[in-house]
Structure formats: C-alpha cells, structure tokens
Amino acid sequence: MAVYGRIIAIIVWLAATSASTGHAQEGMSVAGIVKEVTSRAESPHAYDWRRASAEVQLGYGYTAEANNFDTDTVELGVGIPVSGGSLLRFGLRRAMVHGTPSSNAIGRTPFKQGAQSTRYELFGGYGFGLLEGRSMTRFSPLLPDFEQILLAWGGAHYNHLNRTWIPMRSDPPAPLAGQDPAYAKLNIEIGLRWQVYMPQSFGLSFEAMQVRPVGGSGQLRYWAYYSGGVLWSFGAH
Amino acid sequence: MKLGTAKVRQVAVLGMVAAVAALFGCGHKVPLTADFGTIDFGSAHWFANEQVAYIFFSLSERSSRLVHSGWQMRWSATSADGGVEEHAFAPIDFNQGVHEHLQLPCGGNRICSSFSFKSARPVNRVDLKFLYDADSPTDLQKSLDVAKHAAGTSSDAFSALAYGVFDEPNSHMQVRIHHNFGSPQDELVPTFGLVRRFHANSVVLHGVDTATVATAQSASATPLLYPASFCAGQTGSDDLRFTGTSAWFSGSLDKAQGQNGACFQIEALDKQGVPLPSGVQNSFGRRNPEISNPTDPTILTPLSQTTQIPLVVRICPDDPAAGSMVDEDFFSYQEFILGMSRRPTDLCFRIGKESVFAKDFATMLASRLADARSKATTSNDYLFVVVLHELFTSEFTQIQSSVSSALYNLINAEAHTASPRLVGAFVYDSTVNFVPTATQRQSIIWCPQTLLPQVLSPQTAPFADQNCTITPAAALDLKVINFVAPLGPLPSVSAYRDYVQKYGDKGLAHSPSLQLYSVPTGVNTLNEASKAVTYFDHERFVIHAGEAARMCPEREDKTLASFRIRTATQADDVAGTSVDAINKLWLSKDAPGEYRIGIAWDYPFWGGINYKAALTGKIASVVPYQKSSSAYEALGDQKWSTGSWDFGKYTQRCTRYCDNPFFDATGTYQASETWRNFQENSCPNPVYPQPSAGGT
C-alpha cells in the first residue's frame, strides 16, 4: 500500500507542476521557450528513428513467474517503424526454465507448483509512442546526444514446448522436480517499452510486460517479463 | 472538453500512471498443490510352518521424493492368551528381515519392496506408513489384511514350493522354487526384492505311476507335487545350497535307467543360513517327455500317365445351318492347341436331330474306349480329349449337355473299378454358354469358362483366373506401356476373335503339349464319405509299444486336411480317421500299431498344357517388340500338383515319459499339463533349460 501512496503523491505533484507550467507559458519567458523547443521539437536534429527501415534486436530477459522456478530468455527480434511514431515488432524467444534450490526442495515433498516449461515463444506486437524526444547527457560531448521513445506495448506470443534448441522439433521437456507443468499456446503481452537510439544506428531497449495466458494454464494466471537488449537500425537518416 | 487544458492533462497523466501501477501489480504467488503418490499394492502373509510373516508392497511416487524417505510398520498378532498383541509403528530396517529384501524400481515411477519378520503367533493385521521425510509427518498409509496359512502338509502351508526339472538329455536336474503367495504371483515376487536361500540334497532316481502322481497331486493340491509324500524314505546323493529360485544339482542321473523322475529333499533357510521351522521336505522332479519330430513317412504321388482318346465334334457339313455354325480359324486353333491338327471330324451333329446325336455320341464313346483298351500296351488310365466346335446361342446348350452327360455316364460306370479305367474327360468347347453340373465337373474339365471382356485389356493379367485352368496368371512386365499380354491357351471363340481383330496374332499360343495324369484306382482306393481315398501300402506310420503320437495341425500347409489314417487291420468298410480326430487314438494307451496313410480326393486327374506365350507390342508405341516365354496352364485338382508329401512333418512322436509335463516354445514349464493330455490343437516345441557353469 505504501507504494500506491507514493504513486498517488507523485501524480498530485505532476498535476500541480503541469498547471504552474501553463501559467509560465503564458508569460513567454526565455526559460519557458527553451523548454518548449527542447521538448516539442518536430524532428530530432541528429537522428530520426522513424525513418529507419527496420531494426534488429538481440536481447536477454527474465520471466518472473511468481513461483520457485527461474526462467531466462534470449530473443531475436525485428522492429519496423510505422507511421505516426509507432513500432511493429516480431521475433523468436527461447525461454529456458530451471529449477532452483527452493523448487528442488518442493520436489522432495508431495507438493508441486505451477510453472511453464522450457519452450520457444514466437512473438509479435505493436508499440504506440507515448513519449519521445532528443536528450543529451551530462557527459556530452563524451557521449553523443540520443533519441529516445517510450512505447505502450501490446502483443502476443505463441508457445512451442521444446527441450532442445532445434525449433522444428516437438519434444516437450520432462517436468522438473516439483513442477506442475503449465502451458497455454497463446499468451497476451501488455507493457511498456523504452528504446534509446544513438546516432551511429546503435541503440538499447528495455521492456517490462505483464503476460496472461489465453485459456487455462494451471495455477499460473499471469506473470511479468523484463528484458533488455541491444539494437541496430537500418536505413535511418 | 477542450484538449490541452490543464484538467485534461491531469486526467491523462493520472491514467498513464494508473496503467503503469496496474502493470506491475501482479503480486500473487503461484500456490503449491498436493501431489501425493500412492501405496498402490500391498499384500501380507503369515505361514505357521515357517513362523514367518511376509509383506509385499509397492509405492507409486517420483524417485526424487524418496531421497529422505522411510518406511514404518505397525502390526498386531494373536497373543498366547487369545488376545491381541499390538506392535506400534516402528521404522522398517530392511536389513533385519528374515530373508534378504531389496527395494527395486518396478515400472513407471514405482518402487516395489518386501519385508519378512518372525512371529510365532498368527499375524492379524499390518499397517504400512511411508514417510516423505523421516522428520516430517507427511506420509502415506495402507492397512493390509494378512492371509494366514495354517500349518499342514498341503502346498498352501508353504511359502516356497520346490520341484525339479530336467535338461534336454534328461540326465541333469535343476531344482526350482515356486513362490507360493498367490498375491503377488510367483513370477512377480522377485520384482518385490525377496531373495531366499535353500538347502537341497539327497537326489535319487525314482519312478512313479500316473495313479501315484494323481494321488500326490490331490494331496498336495499342486501340480508341482510339493511336498512329495511318495518320496519319503528315498535317499540319495548330492548337496546344494543356493540363493534365488533355481540351481542345478552337480551330479548326473543315468539316462539309461527308466525312472520317470527323481526325488530330493529341501529345506528353507533364513538369510544367515539357519533352517526355518518348516523343516526338511521331500520334492520330486519329472523327466521331460522324450519327443521327436519325424519326417517319415514320405508319400509319393500316385499319379500316372493317361492314355488320351481324341475326338472332334462339329456340325455336319450338309446341315443347312453349317455355314453359320463354323469358324474355321477357331476350329483350327482348337485342334492345334489340343495337339490334333487336321484331325477329321469323329462325329457331327445336325440342328433338330439332337437326340440322334446324343445316342450316336454315347455309342461312339463306348466304341472308342473299347478300341483303346484293345490296343493298350500299358496299364494307364484312359481320358477322352474332345474338341467341340459349335456357335450356338446361350439359350441352346442341348449338344453340350449331350456330350457332357454321355461322358459322365461312361466315366461314372467305371468310377469304382480298378485301373486301367476311364478316369475322366477334357472338353475344349467354343463358347462359354455351358457349364457341367457339379457332379459332372468331378470327372470332366470343360473349357473355356466365363471370360470377362476386360481380360482382353493389356492392363489386366489374370486370364487364368477367369479360365478353366487353375494356374495363376503369370506376372507380366508391363512397365513399358502399350504391350499386349498373351491370351492364354484356351480362349472362347469370341475372345479369340477379339484378340485377333485387335492384335492380329492368330497364333496366340505356340508349341502346345497337353499332358494329363490320373490317380490309379485299385484295392487301395476306398470310398469314404463320398470321397475316394487312395491308401499307400509301403509308407506306414508306426507307433511302437509304450509310445504315443499326435498330429500337429499348426504345421498345416493346405495338404493336411486331405490325409486319412487307418490301422493296418481296419476293415475296408470302416472309414479312415481324419487328421483332426486321430489324436484321440494316438494319445491313448491303444496307440501302438501300424497306420496306413491315405489321401482323399474329389478329382482324379491333374495336368496341363505346356506352350509358348508371346508378349507383343511396341516400345514407346514405336519400336516393335516381342518376347516369348514358356508357359504352363494347369488343369485339374491342384492337390495333385505336389509330387510328394512328408506326412511325418505333421506329426510328433513321444517315446518315453509321455505323461510328464513339458517345456513350451518359450521355455516355460507347463507343470499343470502333460504331453499326453495337452489339449491345445498343436504340438509342443520345447525349449529346455541348460546347465550352466554358474549352477543356476
């Protein structure tokens, strides 16, 4: 509850700041004009992610199921900017599920806990740009200015159980000690995605999503997915 | 509401923050769910003779959950004063059993185990408890009712029944143990990890008659004859201590001595080698039935060459309808294929005077037969070979009927006479309109039979299947299309005309040679149940005194049903016995004797036409190509296609110990069966145990 209290306090403060900024704009001060220019630039000076033909991303992530198993992921994705500052993205993710000392301990008792199994996830989704702009760091010019965008993300992924690395095979893994295998073919993803672009077509991405299975998946009703990665853009100006 | 106002912005920001809060608000832990295994089998026994209780149990649970697990047991027994003596739950120490006990995986996620403990008083109940962790109360429990086996001398009073089996030469004996718990069954007990020790000794050959065996079996209530009361007082040599369920005695037993088994003594030991209170018991092992699979006798085919009497019948040239009743091409072909080219007509018929023809034809048959007999230089049977050329419609078959009836009447008149006799007839007609009666077909081959129109297509090969011949059509290589398959030697006139019209080959078949053989009849030919049976004097099946035999129908190759068997002294008016009924006699004490073997038959002749077939056509529709190959179309009863029959291979002979149990083809000892009383309609094909260096 303390977390929610803080969030509400921040919201009230933001609302108050927003109101006072409105009054300053009316004054047309130099500081106000500079702020407006910085945050409302029609296009970045050095780099425009919207003009990229595509971007390839290699990432590492963690699926945070609220159980005693660990799931590490690696993914390869392709993003395509679309009109209006949005992004289409699809790719393949390998999710590797491991037991932990805790799950192994459960495995020695007559109990089990819902957890997904090692699998491939074929994902795709759409990102709607919420915030974007050009920023400079305190280390400028040591570090270049960069372009960033925060996307509201919605998508889905298709699960293919496979204990081996050969995607074409259908070779469901054996349950781990203490695991009650949970499985749903189709899963919905919603969340936020933050992408940072350097002028040299190199960038970083971070995302946080909540995932819900479509149809039953045992005791596992939803879970979180966090990932970070590096990306390369092509065809950008 | 106007976009961009302070209030709208406040709402928008609030909405975004609320969405972020909802996104990370997934704080519910995945619950643990119960996933207990089961003790899926439990069985308990107490034997008063041994004063030992046995429990068998299996647990269905993942092996990962057994790391810190343990078993506990609680049991109650009847106390000395008739009350109940309770023993509280206590850990089972599997090293402290009366016998050795192992915990073994037994399929799936199952662990099977057993335990034995001493109790001089009857055990009433056993409660089992499986603890997932020795320090945790999480457990599985199962209560077991105890099967109490009272003291006594029947097999039910013993947990282990000992018996002997022999190797193939019947000179070495192996002692075997049957775990007598009922539940679990004998063959499953080792999977529960029970390992017992025994001491066997004093082996001596001993013969027992079937009555003694029956009495012992009744008293012991087991076909294993344990304990073998009739062995009391029999002492011999050898001494053997073994662990497990079998071991070979080291000494050999004289095969020449005719005793049908051997006695020995045995006592059950605990794992330290101390005898159990059940004491020394007598056991018995029975020698294997001495059986063989003979190949004799071999019966040679009785078929011999026939003397063919050729006849040609067609319409009289002066008949007004003669012009439309003759196809000279086809008539020439008929004569050619039967090897009587340019033979003049022996008898002609006239339309409207069919009765005259019938009478004349019968008279001519008798005359030609008498003529052949007068000129005979061999003792061959006689066979009429008739070319019948006619082009009648399907409604008019009077001439064909007359021919068929006259032939049959003459043949039938000699059906039961000794050879040389008229044995049958072969008629090559022009049309497929006439089919002789079933009775007539027993002695007359009438060709052609119905030929379907599609047989003229090169893509369909089974000409013979549609013809009067019985040979399956040859496999023709039609990989290169547009090839024409040969028509076969005996087409109908319409099939012949179609073939010639399409392919222009009037030869059809080349170099024909008709060979027909018959079964000579004589004193050895008997009529049994409307079938003729030819018995063979020189090939006899002999069962000596003390022996038995049985037929082996599972070795059937479509010939077996034709055999008939009769004793050498059996009266001719008593029918022989079919093979499926002979075992009743051969397995009885009356089996010894000489048996005549016969073959039952319906059709007395066999033969065929040798000819050359030509495959003609054009490769890829351009290059002409022709390939000739020798062909043979068989006629008559296919039964006679075999030159000899190994009658012996359908039999099994037992020379000694026929009333003893036997090993089956899987090496399983059929203790409750004997070779003589084995009811299955087959012959045992035993796989015997062999003494090995290890002694087991």
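Below: a short report on this structure. (Residues numbered from 1 in each chain as written. Chains lettered and ligands numbered in written order. Predicted model: local features only at pLDDT ≥ 70, side-chain atom pairs only at ≥ 80, totals over all residues. Heavy atoms only, no water.)

## Overview of the pairing of strand 8 (residues 186–197) of chain A
Residue and element names in this part refer to chain A.
Right, so step 1: With 12 bridges connecting them, strand 6 (residues 146–161) and strand 8 associate as antiparallel partners. What sits directly across from E147, in strand 8, is Y197.
Right, so step 2: One ladder, built from 11 bridges, connects strand 8 with strand 9 (residues 202–213); its direction is antiparallel. Looking at the pairing, E189 lines up with V211 of strand 9.
Right, so step 3: Between strand 8 and strand 9, which follow one another and run antiparallel, lie four residues, and S201 among them has a positive phi close to 70°. (Pairing = 2+ DSSP bridges. Helix = DSSP H or I, 4+ residues; strand = E, 2+ residues; numbered from the N terminus.)

## Looking at the packing of aromatic side chains
Right, so step 1: Here the structure, examined in full by the defined rule, presents 40 aromatic pairs over all chains.
Right, so step 2: Measuring from ring centre to ring centre gives 4.6 Å for F57 of chain B and W71 of chain B, while their planes differ by 50°; the resulting arrangement is tilted. Placement of F57 of chain B in strand 3 (residues 52–60) and of W71 of chain B in strand 4 (residues 70–78) is noted, with a sequence separation of 14 residues between them.
Right, so step 3: Residue W71 of chain B is classed as buried on the basis of its relative accessible area, which comes to 8%.
Right, so step 4: Taking NZ or CZ as reference, R94 of chain A lies 4.7 Å from the ring centre of Y120 of chain A, over its face.
Right, so step 5: In this structure, R94 of chain A packs its charged tip against the face of W165 of chain A, placed 4.9 Å from the ring centre. (Phe/Tyr/Trp six-rings, centres within 6.5 Å; stacked < 30°, edge-to-face > 60°. Buried < 20%, exposed > 50% of the residue type's maximum accessible area, 1.4 Å probe, protein only. Lys NZ or Arg CZ within 6 Å of the ring centre and 35° of its normal.)

## Notes on the side chain of Q440 of chain B
Residue and element names in this part refer to chain B.
Right, so step 1: Locating Q440 in the fold gives a position in helix 6 (residues 438–441).
Right, so step 2: A polar contact is formed between the side chain of Q440 and the side chain of S404, at a distance of 2.8 Å.
Right, so step 3: Look past the residues within four positions of Q440 in its chain and what remains in contact with it is S404, S405 and Y408. (Polar contact = N/O pair within 3.5 Å; in protein donor to acceptor, adjacent residues only side chain to side chain. Contact = heavy atoms within 4.5 Å.)

## Brief notes about the pattern of salt bridges
Right, so step 1: In this structure the tally under the stated criterion is 29 salt bridges over all chains.
Right, so step 2: Between K112 of chain A and D35 of chain B there is a salt bridge, with its nearest N and O atoms 3.7 Å apart. Of this pair, K112 of chain A sits in strand 4 (residues 111–116) while D35 of chain B sits in the loop between strand 1 (32–34) and strand 2 (38–47), placing the two residues on different chains. We note that K112 of chain A, like D35 of chain B, is buried.
Right, so step 3: For the salt bridge of R134 of chain A with D145 of chain A, the shortest nitrogen-to-oxygen distance reads 2.6 Å. On the criterion of sequence distance, the pair formed by R134 of chain A in strand 5 (residues 119–135) and D145 of chain A in the loop between strand 5 and strand 6 is long-range, its members being 11 residues apart.
Right, so step 4: Several salt bridges share partner residues, and in doing so they unite E75, R89, R93, R119, E121 and E189 of chain A into one network. (Salt bridge = Lys/Arg side-chain N within 4 Å of Asp/Glu carboxyl O.)

## Considerations on unusual backbone geometry
Trans is the common state for peptide bonds, and a negative phi is the common state for residues other than glycine.
Residues and elements named next belong to chain B.
Right, so step 1: Residue Y226 is joined to P227 through a cis peptide bond whose omega torsion reads -5°.
Right, so step 2: Summarising the element assignment, P227 is placed in the loop between helix 2 (210–220) and strand 15 (237–243).
Right, so step 3: Residue P448 follows C447 across a cis peptide bond; omega there is -5°.
Right, so step 4: With respect to the secondary-structure elements, P448 resides in the loop between strand 25 (444–447) and strand 26 (483–484).
Right, so step 5: Of note in the backbone geometry, Y657 takes a positive phi value of approximately 60° without being a glycine.
Right, so step 6: Assignment of secondary structure puts Y657 in the loop between strand 37 (651–656) and strand 38 (662–663).

All we've got here are geometric facts, nothing functional implied.
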